[in-house]
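Next come the chains, spelled out residue by residue.
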Amino acid sequence: MKTQKSNRPKIISKEKWLEEYSAFLEKEKEFTRQRDQLNAERRKLSMVEVQKEYEFEGTEGKESLIDLFEGRRQLIVYHHMLKPADKSPCSGCSMVVDNIGHLAHLHARDTTLVLVSRAPVDEIEAFKKRMGWDIPWFSVAESDFNPDFGITSGFGVNVFLKDHKKIFHTYFTTGRGVEYLGSNWSYLDLTPFGRQELWEDSPEGYPQTKPYEWWRLHDEYD
């Protein structure tokens, strides 16, 4: 039997490794700078006013889009693919939800995150219990909300901004655009206000504070 060649990276000395690593690190840092610039461009994108009324079904009954903000200014909506009588819930969507952090950190930045699906409320609640999730989740079974915001049969993320009683659609992503989401920072990067820290390149007048100073244990926010 022939021995197959290993495809593992070669083994080198510590000195050679540090040299190779340093060259790679510079590329990695440049990628971070490019991502920061892209996030800044996202924050400066134009918006579209949402004038149509939408109805969402939750455990407390019917709610409007403005209700989903829970009094905050920004709203992130993840469209989970759970469908009526779903015998095989989407594993990819569920991995996304498994990786959502404690919502208190988003709330501290005036941001609400919710899930929506075509499944009825009772089936959503049963699946939430099975998965051990407590994220707000609403049914859009009797609404045009999904197709109106880019979701026909798949998944995706939509972001909205509330200014008094007006609501604006600011961003949408799907496919591999959802893959990097998970940390609170990655979700805030999708919003019009971003992380709201002074180092960010944001339009004048956007809320910003010193980095790190707003961070708390999730049970210590006001």
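Residues numbered from 1 in each chain as written. Predicted model: local features only at pLDDT ≥ 70, side-chain atom pairs only at ≥ 80, totals over all residues. Heavy atoms only, no water.

A. Spotlight on the packing of aromatic side chains. Within this structure, the stated rule accounts for 13 aromatic pairs. Aromatic pair Phe 127 and Trp 137: ring centres 6.2 Å apart, planes at 70°, arrangement edge-to-face. You can see Phe 127 sitting in helix α5 (residues 121-131) and its partner Trp 137 sitting in strand β6 (residues 137-139), a full ten residues away along the chain. Using a relative accessible area of 4% as the deciding quantity, one classes Trp 137 as buried. An aromatic cluster of three or more residues is present, and its members are Tyr 54, Phe 56, Phe 145, Phe 149 and Phe 160. In this structure, Arg 42 is placed above the aromatic ring of Tyr 171, and the distance from its NZ or CZ to the ring centre is 4.8 Å. (Phe/Tyr/Trp six-rings, centres within 6.5 Å; stacked < 30°, edge-to-face > 60°. Helix = DSSP H or I, 4+ residues; strand = E, 2+ residues; numbered from the N terminus. Buried < 20%, exposed > 50% of the residue type's maximum accessible area, 1.4 Å probe, protein only. Lys NZ or Arg CZ within 6 Å of the ring centre and 35° of its normal.)

B. Local environment of the pairing of strand β2 (residues 55-58). Taking every second residue as pointing to the same face, the buried face of β2 carries Phe 56 and Gly 58, while none of Glu 55 and Glu 57 on the other face is buried. Between the end of β2 and the start of strand β3 (residues 61-64), which pair antiparallel, lie two residues. (Pairing = 2+ DSSP bridges.)

C. Here's a closer look at unusual backbone geometry. Non-glycine residue Ala 85 carries a positive phi angle of around 50°. For Ala 85, the position within the fold is in the loop between β4 (74-79) and α3 (91-98). Despite not being glycine, Asp 110 shows a phi value in the positive range, around 60°. Among the structural elements, Asp 110 can be located in the loop between α4 (103-107) and β5 (111-117). Using a relative accessible area of 28% as the deciding quantity, one classes Asp 110 as partly exposed.

D. Quick peek at the nonpolar core. Membership of the largest hydrophobic core comes to 29 residues, with the highest contact counts inside it found for Ile 100, Leu 113, Leu 115, Val 157 and Tyr 187. What Ile 100 contacts, discounting residues up to four positions off in sequence, is Leu 113, Leu 115, Ile 135, Gly 182 and Tyr 187. Tyr 54, Phe 56, Leu 75 and Val 77 belong to the second-largest nonpolar core, a separate cluster that totals 16 residues. (Core = buried A, V, L, I, M, F, W, Y, C linked by side-chain atoms within 4.5 Å. Contact = heavy atoms within 4.5 Å.)

E. Focus on the pairing of strand β7 (residues 156-163). Most of β7 sits inside the fold, with seven of its eight residues counted as buried. As defined by bridge partners, β4 adjoins β7 across six bridges and the pair is classed as antiparallel. Of the residues in β7, the one forming a bridge with Val 77 is Asn 158. Bridge count between β7 and strand β8 (residues 166-173): seven bridges; the pairing is antiparallel. Bridge assignment links Val 159 to a residue of β8, and that residue is Tyr 171. The hairpin turn running from β7 into β8, its antiparallel successor, is two residues long, and His 164 in that turn takes a positive phi close to 60°.

F. Geometry of the pattern of salt bridges. For the structure on display, the rule yields 13 salt bridges. In this structure, Glu 125 engages Lys 128 in a salt bridge whose closest nitrogen and oxygen atoms are separated by 3.8 Å. Placement of both Glu 125 and Lys 128 in helix α5 is noted, with a separation of three residues, approximately one turn of the helix. In this structure, Glu 179 and Arg 176 form a salt bridge, with 3.1 Å as the shortest nitrogen-oxygen distance. In this structure Arg 176 comes out as exposed when scored by relative accessible area, which is 69%. Within the structure, one salt-bridge network assembled from shared partners comprises Glu 26, Glu 30 and Arg 33. (Salt bridge = Lys/Arg side-chain N within 4 Å of Asp/Glu carboxyl O.)

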